[in-house]
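Overview (structure and organization)
As a plain string of letters, each chain reads:
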Amino acid sequence: MPYIAALDDDATPELHPESWVAPGAVIVGRVRLGRASSVWYGSVLRGDDERIEVGAECNIQDLCCLHADPRQPAILEDRVSLGHKAMVHGAHVETGALIGIGAIVLGGARVGAGTLVAAGAVVTPGARIPAGVLVAGVPAKVVRELTDGDRASFAHTPDNYMAKAHRHAAATRLTSE
């Protein structure tokens, strides 16, 4: 089972009834999870110091971490995808962006709509990444504008993960506790 916990009356998770949280995931404190969003195995959303807002149709893949510092909430707008083991710490990710496997987006940064943050990239504190670009490296730098082919390569990720969430929600457990 996932661990979902309130810290007090002001720090209680709000999960949309159509969202899905995998066994082994942790959601604590001021976390809002939107419609048809999914939080996958081993991920942690810890809203103790500040709020975490996850929009509709987002996917927070296995082993991700979302946290925030005071006055720097972690916000994922609608249809954001976080690749496996990605971290968003007190940053804002706009609609339709994809944060690649193992990428890190740090405090006060803002990633533009439809942007692709490459695997392993580090978006530094306070960075402003424009919409519709590919960023890569440590620290992350704009590499180029995305092509139609680039956009098509990840446009269906939210839909794919919504389907995967339905499949996993109906999984048959084969071992007992």
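Here the structure is shown first, and the text comes after it.
In this report, we go over the structure that sits alongside the text. As the structure is a computational prediction, the values presented were derived from the model and not from experiment. (Residues numbered from 1 in each chain as written. Predicted model: local features only at pLDDT ≥ 70, side-chain atom pairs only at ≥ 80, totals over all residues. Heavy atoms only, no water.)

For the rest of this paragraph, the subject is the pairing of strand β19 (residues 133-136). Where strand β16 (residues 116-117) lies against β19, two bridges are found, and the strand directions are parallel. For L116, the partnering residue across the bridge sits in β19 and is L134. Relative to strand β20 (residues 141-145), β19 runs antiparallel, the two sharing four bridges. Across the sheet, residue V135 finds its bridge partner in β20, namely V142. Linking two consecutive strands that pair antiparallel, namely β19 and β20, is a turn of four residues; a positive phi of about 100 degrees is found at G137 within it. (Pairing = 2+ DSSP bridges. Helix = DSSP H or I, 4+ residues; strand = E, 2+ residues; numbered from the N terminus.)

Quick look at the environment of V122 now. Take V122: it is sitting in strand β17 (residues 122-123). A residue is classified by how much of its surface remains accessible, and V122, at 18% relative accessible area, is buried. Along the primary structure V122 and L146 are separated by 24 residues, whereas in three dimensions their C-alpha atoms are 19 Å apart. The contacts of V122, once residues within four sequence positions are left out, are I104, L106, G137, V138, P139 and A140. (Buried < 20%, exposed > 50% of the residue type's maximum accessible area, 1.4 Å probe, protein only. Contact = heavy atoms within 4.5 Å.)

Counting residues in hydrophobic clusters, the biggest one holds 36 residues, and the most contacted among them are L45, I60, L76, L82, V88 and I99. Excluding residues within four positions of it along the chain, L45 makes contact with V26, I27, V28, V31, V39, I52, V54, I60 and L66. Core analysis: the next-biggest nonpolar cluster, separate from the first, contains six residues, L116, A118, L134 and F154 among them. (Core = buried A, V, L, I, M, F, W, Y, C linked by side-chain atoms within 4.5 Å.)

What follows deals with unusual backbone geometry. With an omega dihedral of 0 degrees, the bond running from V138 to P139 counts as a cis peptide bond. Of note in this structure, L63 is not a glycine but carries a positive phi near 70 degrees. Assignment of secondary structure puts L63 in the loop between β7 (59-60) and β8 (65-67). The phi dihedral of R71 is positive, around 70 degrees, even though this residue is not glycine. Looking at R71, the relative accessible area reads 74%, which means it is exposed.

Taken by themselves, the reported measurements are silent on function.
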